[in-house]
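Residues per chain, in single letters:
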Amino acid sequence: MYLVKALFRMSGVRYALLQSVFFIVVLILASWFLQQQITSQTRQDIDEELEFYAQDLKESFTLSNGMPNWYAQDEQIPIENRFDAFRSYQSKVYGTVKSAVFNQTGFFTMNDEALFDARYLRWLKSGTEQGLNSMLVLQHEATKEDYQHLNRWRVYVTDVVGGKIAVYMPIDEAEDVLDLIPVIVWPIGVLLILVSIIGGCLFGAFQQRRLTKISQGLSKIAQGNLAIRLAPEKCQDDLDDLMASIDSTTEKLDQSIQHIKHHAQHFAHELRTPLTHLKNELEMLSPTLDLDRVSKKVDDIIEIFNVIQRISRLTNRQIAPADEFIALNNVIESVADLYQETLEEEGKLLHVQLFSHVTIRADRQMLIQAVSNLLENANRYAGDEAEIWLTAEDNEIRVEDNGSGIPLDLLDKVQLPLFRRSHNSQGQGLGLALVKAITEFHRADLILQESQYGGLCVRILFKEGVNKSSEHQS
């Protein structure tokens, strides 16, 4: 009993056994239906033969306006060997059957004692042998011993001119064949059932191994082993796809945890410096205390918290989705108006290129914030007398410069919150992280690559909410 319970706790084995049971039920029903169909068809064929034979006799009686003269005088087939009988309206029976047989019409099955009269039954039991011409098999001769074993008969009684006729034939052989069907089918069925159960257990055990692998893998993942991988090299079915999905989820979870650890370290480092400065300033309270400097340090700390909180809200989609269409050209123009004069004063040249004719379902202020951050980064890192290109083309925005660019191995890292290329780098390492959060909020792609002008090219590629008409430009 414990083994049975243990097996049924294994879903792979359980469902394989249930499928086997279902197949067994279908097999039993199919066998029963097949037996019924064969039985029905065999008996229908017998009835059709009897009806055809009776129809020939009926035509003869109709043409003779009663019993034909040859019927009682046919010497070729002795009356004892005939498979038909006639009872006139005067209740006289010509043949070997009992008169009571004619009291009903249609098809029915009888044994020999109910069908034949006493004289014919005595003749059957006598020791005389003679040839018997069977109506069923016209060219087959059966001995009297064979005939004595025919105990079941199919009878058809119908009205004819002058009375009723009864035609009949032995059905022992047909019934014996029908009786053999269960003897043949059921052993084969039992063998198939055993094979189904054994095969179901084997296939179930195979599937159970895979499910057990998934269960053990998830248990290790829950214990913190995020390096575990479950999927085979080549996925062949949905269970392999499930394991591949678990692997993908685990990998992303591992990356998220690594990012959290990385962010926590940088966050602690970034906060430690302004907090240390603030502590030193407060410890040196004096009439010459620079309150503006202390206030600036506090503002820096608050700004770090605000940006991180904003990134978190964008990442978790805690901000209502945008419901207005914004023309990309207008976004570029707005940012250019804000920074054109400042960049020129610093000796930098800003090129504005408006090639877009689409509108985007987006939050205007968010897009301006993202493009402004990119422009500030280009201004900060491109170098003196740099050139910056601000472009809107089709469904993307590009910010490029001709500065020194970013090493390829840092292109992914610079998008992480609080990451800075060096301790001497300006800023707090949150600009690109905020741009990435805004980009993902709009279900767009943020792509960093080498610029055609030699520096860095940052692309925001919009994939959803794009309207190529200019009807909704704002």
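Not measured: the values here are computed from a predicted model.

Q: Describe in detail the sheet that holds strand E14 (residues 456-462), supporting the description with residues and values.
A: Strand order in the open sheet formed by five strands is E9-E11-E12-E14-E13, and the pairing between neighbours is mixed. Edge strands, defined here as strands with exactly one partner in the open sheet, are strand E9 (349-355) and strand E13 (444-450). For this sheet the average axis-to-axis angle between neighbouring strands, irrespective of direction, equals 10°. Across the sheet, helix H11 (residues 364-381) lies against E9, strand E11 (387-393), strand E12 (396-401) and E14, angled at about 15° from E12, the strand it touches most. Sheet strands touched by helix H12 (residues 431-441): E13 and E14. Its angle to E13, the strand with the most contacts, is close to 140°.

Q: Describe the packing of aromatic side chains, and please don't skip the residues or the numbers.
A: Applying the stated criterion across every chain yields a total of nine aromatic pairs. Both rings, one in Phe83 and one in Tyr168, keep their centres 6.1 Å apart while their planes meet at 50°; by these two values the pair is tilted. Remark: Tyr168 occurs in strand E7 (residues 163-170) and Phe83 occurs in the loop between helix H3 (69-73) and strand E1 (84-88); sequence separation between them is 85 residues. Under the relative-accessibility criterion, Tyr168 is labelled buried at 0%. When the ring of Trp389 is compared with that of Tyr453, the centres are 3.6 Å apart and the planes differ by 5°; the resulting orientation is stacked. Note that Trp389 is positioned in strand E11 and Tyr453 in the loop between E13 and E14, a separation of 64 residues in sequence. Judged by relative accessible area, which is 30%, Tyr453 ranks as partly exposed. Site record: aromatic cluster; members linked through ring pairs are Phe83, Phe116, Trp153 and Tyr168.

Q: Account for the pattern of salt bridges, naming residues and giving values.
A: Applying the stated criterion across every chain yields a total of nine salt bridges. In this structure, Glu464 engages Arg443 in a salt bridge whose closest nitrogen and oxygen atoms are separated by 3.8 Å. Remark: Arg443 occurs in the loop between H12 and E13 and Glu464 occurs in the loop between E14 and strand E15 (466-467); sequence separation between them is 21 residues. Close ionic contact of Asp445 with Lys463 constitutes a salt bridge, the shortest N to O distance being 3.2 Å. Remark: Lys463 occurs in the loop between E14 and E15 and Asp445 occurs in strand E13; sequence separation between them is 18 residues. Taken together, the shared-partner salt bridges in this structure form one network comprising Glu393, Glu396, Arg398, Glu400 and Arg459.

Q: Can you lay out the sheet that holds strand E2 (residues 93-94) for me, pointing to particular residues and giving the numbers?
A: Spatially, the five strands line up as an open sheet ordered E2-E1-E7-E6-E3, and their pairing is antiparallel. The sheet is open, and its two edges are formed by E2 and strand E3 (106-111), each paired on a single side.

Q: Now, about the packing of helix H10 (residues 328-345) against H11: what can you tell me, with residues and values included?
A: Any two packed helices are characterised by how steeply their axes cross, that is the angle between the axes, and by the distance between the axes. Interhelical geometry of H10 versus H11 gives an angle of 40° and a closest axis separation of 9 Å. Crossing handedness for the pair H10 and H11: right-handed. Counted together, Asn330, Val331, Ile332, Ser334, Val335, Leu338, Tyr339 and Leu343 of H10 and Arg364, Leu367, Ile368, Val371, Ser372, Leu375, Glu376 and Asn379 of H11 form the full contact between these two elements. Residues of the contact of H10 with H11, tallied by class, amount to 10 nonpolar, four polar and two charged.

Q: Describe the environment of Gln55, listing the residues and the values that go with them.
A: Here Gln55 lies in helix H2 (residues 11-63). Classification of Gln55 by relative accessible area gives partly exposed; the value is 37%. In this structure, the C-alpha to C-alpha distance between Gln55 and Val160, residues 105 residues apart in sequence, is 9.5 Å.

Q: With reference to specific residues and values, describe unusual backbone geometry.
A: Glycine aside, a negative phi is what most residues show, and trans is what most peptide bonds show. Despite not being glycine, Ser91 shows a phi value in the positive range, around 70°. With respect to the secondary-structure elements, Ser91 resides in the loop between E1 and E2. Backbone geometry places Asp394, a non-glycine residue, at a positive phi of 55°. Along the polypeptide, Asp394 turns up in the loop between E11 and E12. With a relative accessible area of 48%, Asp394 lands in the partly exposed category.

Q: Which residues make up the packing of H11 against H12, and what values do they have?
A: It is at 9 Å that the axes of H11 and H12 come closest, and there the two elements cross at 150°. By crossing handedness, the relation of H11 to H12 is classed as left-handed. Along the contact surface, H11 presents Met366, Gln369, Ala370, Asn373, Leu374 and Asn377, while H12 presents Gly431, Leu432, Leu434, Val435, Ile438 and Phe441. Partitioned by chemical class, the residues of the contact of H11 with H12 number eight nonpolar, four polar and no charged.

Cut-offs and rules
Positions within a chain are numbered from 1, following the residues in the order the chain's sequence is written. In keeping with the model being predicted, local features are shown solely for residues with a pLDDT of at least 70 and side-chain atom pairs are shown and tallied solely at 80 or more, while totals for entire chains, interfaces and linings include all residues. Side-chain descriptors were evaluated using all non-hydrogen atoms of the structure, hydrogens and water having been removed beforehand. Strands pair, by our definition, only if DSSP identifies at least two bridges between them. Counting from the N terminus, the helices are the DSSP runs of H or I reaching at least four residues and the strands are the DSSP runs of E reaching at least two. Simply put, an axis is a line fit to the C-alpha atoms, just over the touching stretch for a helix, and the angle between two N-to-C directions goes from 0 to 180 degrees. Contact criterion: two residues are considered in contact whenever any of their non-hydrogen atoms come within 4.5 Å of each other. Within 6.5 Å between ring centres, the rings of Phe, Tyr and Trp (the latter by its six-membered ring) count as paired, and their orientation is classed by plane angle as stacked under 30 degrees, edge-to-face over 60, tilted in between. Classification of residues uses two cut-offs on accessible area relative to the type maximum, computed with a 1.4 Å probe and protein chains only: under 20% is buried, over 50% is exposed, and between them is partly exposed. In what follows, salt bridge is the name for a side-chain nitrogen of Lys or Arg lying within 4 Å of a carboxyl oxygen of Asp or Glu. Take the far helix as your reference; a near helix turned counterclockwise from it by less than a right angle gives a left-handed crossing, and one turned clockwise gives a right-handed crossing. Gly counts as polar in this scheme, as do all residues outside two lists: the nonpolar Ala, Val, Leu, Ile, Met, Phe, Trp, Tyr, Cys and Pro, and the charged Asp, Glu, Lys and Arg.

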